[in-house]
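# Overview (structure and organization)
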Amino acid sequence: MIYLNGTFMPIEEARISVLDRGFIFGDGVYEVIPAYSHTPFRLSEHLLRLQHSLDGIRLENPHTNSEWSELLEQIIARNSSDDQYLYLHVTRGVARRDHAFPKGVAPTVFIMSNPLLPPPAELLATGATAITAVDNRWLRCDIKGISLLPNVLLRQMAIDAGALETVLIRDGFMTEGSASNIFVVKKGLLLAPPKNNLMLPGITYDVVLELAEEHGIPHEVRAISEQEVRAADELLLTSSTKEVMPITRLDGRQVGGGVPGTMFALFYRLYQDYKDKVMRRGAVHTP
Ligand code: PDD
């Protein structure tokens, strides 16, 4: 069951106009929110980022946070999996094709849910393979926009190379993955690139840094050069759907010892514990 512009319906019945600006221009933004045991994870943070994305494309938020919260609860309840990932999407609506913003047009609001499956145990045991590529996206990667063509092409480069993710390098520095954030570990120090317009401010990225702070794990947020990525002892990938994953091969070479490292093991456990703790607290935390 999905939600489209005020109505809950089976996904097969959902229809949008071919003139929707999301379809024509990719003129919209989205969020991916994990829900564990029927409870959205870090909902306020996701809704705050949604607001940032909407502000970034100058589109008014069609709902208050409590309305979003209610809609998401309804979608979760209408889908059977305990763990789901919620996909929420707002476009500038339906209008005659013209690049300029249309006047007086209602936005299109779409929410769907899919089962959220943890990364396969084998993958966590061996680690993932990644490649690098030049980050050729625009200069507002902090907006979670639905115009994902560069990300699609960059991610496909990884798939074509038999890898899982593409680590992006812009002007000699690492930005993020095509659909994830990337951390570097060197000599027991966790390194994260600083949030700016060149990367998506990941919600999982924030959790990892909060856990590092809370547990006194040495960490630094600063620009990370391509050389540092290549010389890493460990690389960690984070996203709402993949949580925390080790990358053990980059461009055909081993990362560190070529197996998931101790920092990965530590953060994997801390992340699972954190999830359990938050979910046990139970509250669907209404923003
Ligand atoms: N993508 N960077 C990019 C470019 C992303 O697309 C994502 C997530 C992230 C990680 O952000 P978060 O921890 O908030 O999920 C970073 C989602 C999962 C997607 O597009 O499916």
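Residues numbered from 1 in each chain as written. Predicted model: local features only at pLDDT ≥ 70, side-chain atom pairs only at ≥ 80, totals over all residues. Heavy atoms only, no water.

## What to know about the side chain of Arg-49
Take Arg-49: it is sitting in helix α2 (residues 43-56). Engagement of the side chain of Arg-49 in a polar contact is seen with the backbone oxygen of Pro-201, the distance being 3.0 Å. If sequence neighbours within four positions are ignored, Arg-49 has contacts with Glu-31, Val-32, Lys-144, Leu-200, Pro-201, Gly-202 and Ile-203. (Helix = DSSP H or I, 4+ residues; strand = E, 2+ residues; numbered from the N terminus. Polar contact = N/O pair within 3.5 Å; in protein donor to acceptor, adjacent residues only side chain to side chain. Contact = heavy atoms within 4.5 Å.)

## Topic: α2
Residues separated by three or four positions in an α-helix point in the same direction, a consequence of the helix having 3.6 residues per turn. Along its 14 residues, α2 runs 20 Å from first to last C-alpha, staying within 8% of the 20 Å computed at 1.5 Å per residue. When α2 is considered as a whole, its buried residues turn out to be Leu-43, His-46, Leu-47, Arg-49, Leu-50, Ser-53 and Leu-54. The buried residues of α2 all sit within an arc of 160° when viewed along its axis, so they share a single face. Buried residues belonging to α2 abut β3 (28-36), β4 (39-40), α3 (65-78), β5 (84-91) and α6 (203-214). Two residues or fewer after α2 comes Arg-58, characterised by a positive phi angle close to 55°. (Expected span 1.5 Å × (residues − 1). Buried < 20%, exposed > 50% of the residue type's maximum accessible area, 1.4 Å probe, protein only. Arc of directions from axis to C-beta.)

## Focus on the pairing of strand β14 (residues 243-250)
Among the 8 residues of β14, 7 are classified as buried, and the element is accordingly described as predominantly covered. Both strand β7 (residues 128-134) and β14 contribute to a ladder of 3 bridges, which runs parallel. Pairing of Ala-130 across the sheet is with Leu-250, part of β14. Strand direction decides the pairing type here: β14 and strand β15 (residues 253-254), joined by 2 bridges, are antiparallel. From the neighbouring strand, Leu-250 faces β15, where its bridge partner is Arg-253. Between β14 and β15, which pair antiparallel one after the other, the connecting turn spans 2 residues, and Asp-251 there sits at a positive phi close to 50°. (Pairing = 2+ DSSP bridges.)

## Brief notes about the layout of surface pockets
Within this model, the largest pocket holds a volume of roughly 1100 Å³. Looking at the lining of the largest pocket, the elements that each hand over two or more residues are β3, α2, β5, α5 (149-160), β9 (173-177), α6 and β13 (234-239). With 4 residues, α5 is the largest single contributor of residues to the lining of the largest pocket. The residue makeup of the lining of the largest pocket, split by class, is 19 nonpolar, 16 polar and 10 charged. Taken together, domain 1 (2-115) and domain 2 (121-278) each give at least three residues to the lining of the largest pocket, which thus spans both. Taken as a whole, the second largest pocket spans an internal volume of roughly 190 Å³. In terms of lining residues, the second largest pocket is bounded by 13 residues, among which Leu-59, Glu-60, Arg-92, Val-105 and Pro-107 are the most central. (1 Å grid on protein atoms, 1.4 Å probe; cavity = no way out; pocket = protein on both sides within 12 Å on 5 of 7 lines; lining within 4 Å. Points joined across faces, edges and corners; volume = space filled by probe spheres on them. Nonpolar A, V, L, I, M, F, W, Y, C, P; charged D, E, K, R; others polar. Domains from an automatic or database assignment.)

## Here's the deal with α3
The terminal C-alpha atoms of α3 lie 20 Å apart, and with 14 residues this matches the ideal 20 Å at 1.5 Å per residue to within 8%. Within α3, burial applies to Trp-68, Ser-69, Leu-71, Leu-72, Ile-75 and Ile-76. All buried residues of α3 lie within an arc of 165° about the axis, which places them on one face of the element.

## Thoughts on the packing of aromatic side chains
Where two aromatic rings form a pair, the distance of their centres and the angle of their planes describe that pair. In this structure the tally under the stated criterion is 8 aromatic pairs. Considering the side-chain rings of Phe-41 and Tyr-271, the 6.0 Å spacing of their centres and the 70° angle between planes classify their relative orientation as edge-to-face. Placement of Phe-41 in the loop between β4 and α2 and of Tyr-271 in helix α8 (residues 262-281) is noted, with a sequence separation of 230 residues between them. Here Phe-41 falls in the buried class, since its relative accessible area comes to 2%. Residue classification places Tyr-271 among the buried positions, given a relative accessible area of 1%. Three or more aromatic residues joined by ring pairs form one cluster here, namely Tyr-36, Phe-41, Tyr-271 and Tyr-274. Stacked on the ring of Phe-8, the Lys or Arg Arg-78 has its end atom at 4.0 Å from the ring centre. Over the face of the ring belonging to Phe-101 we find Arg-92, whose NZ or CZ atom lies 3.6 Å from the ring centre. (Phe/Tyr/Trp six-rings, centres within 6.5 Å; stacked < 30°, edge-to-face > 60°. Lys NZ or Arg CZ within 6 Å of the ring centre and 35° of its normal.)

## Quick notes on the site of the ligand
As a structural note, the neighbourhood of the ligand is formed by 20 residues, with Tyr-30, Arg-49, Glu-176, Thr-204 and Ser-240 the closest of them. Within the backbone of Ser-180, one N or O atom sits 3.4 Å away from a nitrogen atom of the ligand. With the chains in place, 88% of the 480 Å² that the ligand exposes on its own is no longer accessible. When residues of the shell around the ligand are traced back to their parent elements, those giving at least two are β3, β9, α6 and β13. Here the residues of the shell around the ligand sort into 5 nonpolar, 11 polar and 4 charged. (Near = heavy atom within 4 Å. Areas by Shrake-Rupley, 256 points an atom, 1.4 Å probe, with all protein chains shown as cover.)

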